[in-house]
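# Residue-level structural notes
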Amino acid sequence: MQQRTADVVVVGAGFSGLYALHRMRELGYTATLVEAGDDVGGTWYWNRYPGCRVDTESLDYSYSFSEELQAEWKWTERYAGQPEIHSYLRHVATRFDLWSDIELNTRIDSATWDDTEQRWQLRSTDGRTWDATNCILATGFLSVPLQPRFDGLSNFNGTVLRSTEWPEDGFDFTGKRVGIIGTGSTGVQMMPIIAKNAGRTTVFQRTPAYSVPLRNVPLEAEFDAHVKSMYPEWRRLQRESGAGAWSVGSAPWLDRGAPSAMDVTEQERLDLYEECWQLGGINGFYMAYGDLASNLDSNETLAEFLREKIRERIGNPEVADKLVPQFPVMTKRLCADTGYFEAYRLETVDLVDVNGKTLKFDESGIEVDGEHYDLDVAVVATGFDAVTGAMTRLNIVGQNGETLQSHWSEEYRNAAGFMSAGFPNLFWINGPGSPAADSNPVLMAEDQMGVIGDLIDNSRVVGEPVAVTAEMEDEWLQTCDSAFAATLRSEAKSWYNGGNVPGKVTRGMMYHGGDIPYLQHLAAYEAQILDQTASTPVSSAAEMTA
Ligand code: NAP
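About the cut-offs
Within any chain, residue numbers begin from 1 and follow the written order of that chain's sequence. Given that the model is predicted, a residue must reach a pLDDT of at least 70 before its local features are reported, and side-chain atom pairs must reach 80 or more before they are shown or counted; all residues, however, enter totals for whole chains, interfaces and linings. Heavy atoms throughout the structure, all of them, feed into the side-chain values; hydrogens and water do not. Each helix is a run of H or I in the DSSP string that is no shorter than four residues. Each strand is a run of E no shorter than two, and both are numbered from the N terminus. In this treatment the radius of gyration is a C-alpha quantity, and the globule benchmark scales as 2.2 Å times the residue count to the 0.38 power. Exposed residues in this analysis have more than 50% of their type's maximum accessible area, buried residues have under 20%, and partly exposed residues fall in between, with area computed by a 1.4 Å probe over protein chains only. Only the protein chains shown count as cover for residues, and all accessible areas are computed by the Shrake-Rupley method using a 1.4 Å probe. Asp and Glu count as negative and Lys and Arg as positive, but His and the ends of the chain are not part of the count. Each charge is placed at NZ for Lys, CZ for Arg, CG for Asp and CD for Glu. For two strands to pair, DSSP has to find at least two bridges joining them. Axis definition: a line fitted to C-alpha atoms, over the contacting stretch in the case of helices. Angles run 0 to 180 degrees between N-to-C directions. Residues are called lining when one of their atoms sits within 4 Å of a cavity or pocket point, these points coming from a 1 Å grid over the protein atoms alone, where a cavity is a set in which a 1.4 Å probe fits but cannot get out and a pocket is an open set with protein on both sides within 12 Å along at least five of seven lines. Grid points are joined across faces, edges and corners, and a volume is the space filled by probe spheres set on the points. Residues are grouped as follows: nonpolar covers Ala, Val, Leu, Ile, Met, Phe, Trp, Tyr, Cys and Pro; charged covers Asp, Glu, Lys and Arg; every other residue, Gly included, is treated as polar. Buried Ala, Val, Leu, Ile, Met, Phe, Trp, Tyr and Cys residues form a nonpolar core when they are joined through side-chain atoms within 4.5 Å. The contact definition used throughout considers only heavy atoms, calling two residues in contact when any of these lie within 4.5 Å. Here a helix's expected span is defined as the number of its residues, less one, multiplied by 1.5 Å. Throughout, the arc means the angular range of directions from the helix axis out to the C-beta atoms.

On a plain count of helices and strands, the chain comes out with 19 helices and 18 strands. Rg of the C-alpha trace for the chain: 23 Å, near the compact-globule value of 24 Å for 546 residues, within the 12% margin. Seen through its C-alpha atoms, the chain measures out along the principal axes to roughly 70 × 55 × 45 Å. Per-residue burial over the chain gives 57% buried out of 546 residues. Accessible surface computed for the chain: about 21700 Å², of which carbon and sulfur atoms make up 48%. Counting 44 positive and 79 negative side-chain charges, the chain places the centres of these two groups 5 Å from one another.

The parallel open sheet is built from five strands, whose spatial order is β7-β16-β8-β9-β12. Looking along the sheet, the strands with just one partner apiece sit at the ends: β7 (159–162) and β12 (349–353). Here the strands of the sheet are splayed against their neighbours by 20° on average, with no regard to which way each runs. Relative to β12, strand β9 (residues 200–205) runs parallel, the two being bridged by five bridges. The residue of β12 that forms the bridge with T201 is V349.

This brings us to the layout of surface pockets. Vacant regions in the atomic arrangement are exposed by a probe of water-molecule size rolled over the atoms. Of the pockets and cavities examined, the second largest pocket occupies roughly 320 Å³. Every element with two or more residues in the lining of the second largest pocket is listed here: α1 (15–26), α3 (67–72), α7 (231–241) and α16 (441–462). Top contributing element to the lining of the second largest pocket by residue count: α1, with four residues. Tallied by class, the residues present in the lining of the second largest pocket amount to four nonpolar, four polar and seven charged.

Attention shifts here to the nonpolar core. Counting residues in hydrophobic clusters, the biggest one holds 124 residues, and the most contacted among them are Y63, I136, F285, L306, V379 and F418. The dominant element in this core, judged by the number of residues it contributes, is α16, at eight residues. The residues touching F285, leaving out its near neighbours within four places in the chain, are V212, Y273, C276, W277, L292, L302, F305, L306, M330 and L334. If you look at the next biggest cluster of nonpolar residues, it comprises 30 residues, including W120, I396, W408 and F423.

Every α-helix winds through 3.6 residues per turn, so residues three or four apart in the chain are directed the same way. Given a rise of 1.5 Å per residue, 14 residues ought to cover 20 Å, and the 20 Å separating the end C-alpha atoms of helix α9 (residues 266–279) matches this to within 8%. For α9, the set of buried residues is R269, L272, Y273, C276, W277 and L279. In an axial view of α9, the angular spread of the buried residues amounts to 165°, which keeps them on one side of the axis. Just beyond α9, the residue with positive phi is G280, at close to 90°.

Taken by themselves, the reported measurements are silent on function.
If you want it as structure tokens, here you go:
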């Protein structure tokens, strides 16, 4: 089979990968984007379960690199659903003429650095090969599904549906007895929709979720026009404040949120939380006070507010007792739902607590603690091997035969969240060491690609690969560790810290210090990398944060 040659191979055709391909071509490089799925979209291609939609506002969760694209695309809802986001990404691929450089149905299973040729050799599972100067991993931070090995699952005679591999034509739940395993963002989105038609819905819950109403509505033409009339300014505000489009000019926390929830009276706190609640979505709560995610006392004020709201939504105190979380809020990502807790009021919905218990499948359903639940369908929504999972599965071999798996066996060594030492010209977007989950990943992809583009340009001029050092990694790990230690995120087992994956090293994997500090660090690391080489082109990261 003929080997393909390119300046850049990008792996993964989601938001980050499509932009990476566009940017590389814009800079004049030959680039190929390889994608395992049979369409572009990444997470928005694979996750087609009922109710799948974004919890960042559509007007924010979209590219900012093209004013024309921003002006011409019309979102229909405040929070777009999966089909619409998927259409948007297909539109982008067409609008920027990307299809000719995209190879679908292509799963990469190894990438090896050739130190003599100073190039990456990539191979797909079906034996095709690529030879590239640079490799950009846009493999997603929530893309490798966790597939717990449930006892007896293969004996189950009913249908097993996984949230990440949903049938393209959907699934008719009418009258069926459905079991749902998993009550994270995915589970809480799908449950009320499934429960509407199912004959009986049984939720098998290990840990209850903090979830707030999304309050999704159609996007009104005037509002759309208003944001579009100030889009460049809005994007600036968005990057600086983290606020969502819905709150343009009226975000309750922008002028009222204090550094600490303990700095205000209880009434002031409750008023602000109530405003965020009424506004809908998760954004307001993340922004309300500066120390909600870091100070246990402050955190408890919001946790208690949300527990009370959950009780009100459920009604029945006995059921509510099982559904009210007791761990610090936001140590697992806050969920947003449409009618999740209200659905437990339906006579056809049951909740089974499986925490610390063994969940066993048999031919006709699930057994927990000697109690049997007859099922026609089991829906599995058990989350992801997040942040590092997609990259460590790729069999990446860098200098001196070192694998990325071994490089990351104890800690996720990286510099500024986009490269590791010993893996020259290998970059990643929204991966370990970057803010990923804490930022808007669409904008972060654009910002990281600004730096990656600069460095590749410089490398072409000076004729040396882009590389970071072990010292840079040490320094960045320390920065990430102290930012993580300042949060409460070690208080719960979650995909934030790897604790949701049996056997995974449990520690902070991302940078938890905020987007603006991250971009400043990124610019500083870019400058340091450029300093190591002879030529110094313009730094877009430095421009971005100036
Ligand atoms: P998740 O938050 O990790 O939730 C997985 C759920 O499965 C948890 O309730 C977990 O319980 C449960 N679980 C895992 N293994 C289990 C087992 N062996 N037995 C019983 N229960 C088990 O995953 P997710 O819901 O897919 O969401 C992941 C992230 O994706 C979100 O935090 C969010 O960032 C993103 N997302 C966003 C949206 C959105 O609204 N836009 C929608 C979906 C996903 P434990 O908590 O006890 O581990």
